[in-house]
Structures are given as C-alpha cells and as structure tokens.
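Here is how the chains run, residue by residue.
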Amino acid sequence: MISLSLIGLSIIILSWIVEFFLMGKRKKISPIFIGIYLAGAGVLVYEGFTSNSIELGIANLVSLAAAAVVLGKSLVEGKE
C-alpha cells in the first residue's frame, strides 16, 4: 500500500507543476496551485497525527495554515 506521506508529497509536487504551467508571464500565485497544495498538506497533516508523528503533523499543519493565509490573501486581492 502507498503511504500517505508519498500521496501528500505527490499532490504537492503536482501543485508545483500546475503552478509552473499556469504562471505564464504573470507574477501572481494561482489559487488553483494553493488549493492543490492545501490538499497535499492536509494529507500530510492527517498522516502525521495518525502515525504518532506529532511534531511532523504540527509542522505540516503550520505549512497548511500558511498556505491557507496566502490563498485568502490572493482571493481578496484578486477581487480588487
């Protein structure tokens, strides 16, 4: 069976690939990228806490929270 860590990291890698192709000449971060990244980080948070790797789960939770803040800011700035 594939580990949740591998799945989460694969989703994060996918988000970077999507961002690379969507970025084009603009310099803004795509909300799609951040959303996919959040999904990958969420899998890593879940895996960290369920496998008793609490420190890793907390670190990934901080990463997820930071990405959520960036998503919120990009969506607010996109409406202006």
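Before going into details, it helps to say that this report is about the structure given with it. (Residues numbered from 1 in each chain as written. Predicted model: local features only at pLDDT ≥ 70, side-chain atom pairs only at ≥ 80, totals over all residues. Heavy atoms only, no water.)

### Re the packing of helix α1 (residues 4–23) against helix α2 (residues 31–50)
In plain terms, the rule: Helix axes are fitted only over the stretch in contact, all axes being lines through C-alpha atoms; the angle between N-to-C directions runs from 0 to 180 degrees. Strands are runs of DSSP state E lasting at least two residues, helices are runs of H or I lasting at least four, and both sets are numbered from the N terminus onward. Under this scheme an angle from 65 to 115 degrees is roughly perpendicular, one under 35 degrees roughly parallel, and one over 145 degrees roughly antiparallel; angles in between are oblique. Any two residues having at least one pair of non-hydrogen atoms within 4.5 Å are treated as being in contact. Throughout this entry, Asp, Glu, Lys and Arg are counted as charged residues, while Ala, Val, Leu, Ile, Met, Phe, Trp, Tyr, Cys and Pro are counted as nonpolar. The remaining residues, Gly among them, count as polar.
The contact between α1 and α2 brings their axes to 8 Å, and the two run at 170 degrees. By the angle between their axes, α1 is roughly antiparallel relative to α2. Facing α1, whose interface residues are Leu 4, Ser 5, Ile 7, Gly 8, Leu 9, Ile 11, Ile 12, Ser 15, Trp 16, Val 18, Glu 19 and Leu 22, α2 presents Ile 32, Phe 33, Ile 36, Tyr 37, Ala 39, Gly 40, Ala 41, Val 43, Leu 44, Tyr 46 and Glu 47. Taken together, the residues of the contact of α1 with α2 break down into 17 nonpolar, four polar and two charged.

### Quick notes on the environment of Ile 17
By secondary structure assignment, the location of Ile 17 is in helix α1. When the C-alpha positions of Ile 17 and Phe 33 are compared, they lie 8.6 Å apart, and in sequence the two are 16 residues distant.

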